[in-house]
Amino acid sequence: MDIKLIQLQKHGDARGSLVSLEDQKNVPFTIRRVYYLFGTQPNVRRGLHAHKNLRQLVIVVRGSCRFLLDDGNEHIEIFLDNPAQGLLIESMMWREMYDFSEDCVLMVLADAHYDESDYIRSHEQFMESKR
Ligand code: TYD
């Protein structure tokens, strides 16, 4: 499976670090929405859906978590703990997030506003759509 991990340039000096996100530059789409998950309880599994059209870039800005990505043919597990790394999730990709560290802040940039009709929340339906 072709996983796109984008290395984000870190501007660092003695004071600390800074990462800038700019659409059509290091973010490969126009940013229409930003949301973030925090305070995720231990042993919680989130996501468990695919999007028909939405493209997203996810960045763990603090802490760590794991992603499972499933394109219908194969699945892969990715550990994210680097605020200077973005995981690009294309449309029609099943995702699950788990093993959140207590301090995890997971930020998501998306190319469209929230739209429940863009979600596929059943894995069976996802597999059917892929066929
Ligand atoms: P949910 O889809 O369950 O989150 P996840 O897939 O990451 O586990 O979303 C939780 C709630 O937040 C749900 O009621 C929908 C709402 N929501 C918005 O209102 N806007 C958004 O941009 C997102 C992502 C969710």
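Details of the structure are given in the entry above.
The structure displayed is predicted, hence computed values, not measured ones. (Residues numbered from 1 in each chain as written. Predicted model: local features only at pLDDT ≥ 70, side-chain atom pairs only at ≥ 80, totals over all residues. Heavy atoms only, no water.)

J.: Tell me about the sheet that holds strand E1 (residues 4-7), residues and numbers included.
T.: Strand order in the open sheet made by the five strands is E1-E9-E6-E11-E4, with antiparallel pairing throughout. Here the strands that pair on one side only, and so sit at the sheet edges, are E1 and strand E4 (33-38). Each adjacent strand pair in this sheet contributes to an overall mean axis angle of 25°, direction not counted. (Pairing = 2+ DSSP bridges. Helix = DSSP H or I, 4+ residues; strand = E, 2+ residues; numbered from the N terminus. Axes fitted to C-alpha atoms, helices over the stretch in contact; angles between N-to-C directions.)

J.: Could you give an account of the site of the ligand, with specific residues and numbers?
T.: The immediate surroundings of the ligand are formed by Arg33, Tyr35, Arg46, Gly47, His49, Met97, Tyr114, Tyr119 and Arg121. In the environment of the ligand, an oxygen atom lies 2.4 Å from a nitrogen or oxygen atom belonging to the side chain of arginine 33. At a separation of 3.2 Å, an oxygen atom of the ligand approaches a polar side-chain atom of histidine 49. Within the complex, 60% of the 530 Å² of free accessible area of the ligand lies under protein. For the shell around the ligand, the elements supplying multiple residues, two or more each, are E4 and strand E5 (46-51). When the residues that make up the shell around the ligand are grouped by side-chain class, the tally is four nonpolar, two polar and three charged. (Near = heavy atom within 4 Å. Polar contact = N/O pair within 3.5 Å; in protein donor to acceptor, adjacent residues only side chain to side chain. Areas by Shrake-Rupley, 256 points an atom, 1.4 Å probe, with all protein chains shown as cover. Nonpolar A, V, L, I, M, F, W, Y, C, P; charged D, E, K, R; others polar.)

J.: An account of the sheet that holds strand E10 (residues 94-98) is requested, with residue identities and associated values reported.
T.: Strands sit in the order E8-E7-E10-E5-E12 across an open sheet of five strands; the sheet is antiparallel. Looking at strand neighbours, the two that pair on one side only are strand E8 (75-80) and strand E12 (119-120), the edges of this open sheet. Sheet topology note: the E5/E10 ladder contains three bridges and is antiparallel. The residue bridging glycine 47 from the neighbouring strand is glutamate 96, located in E10.

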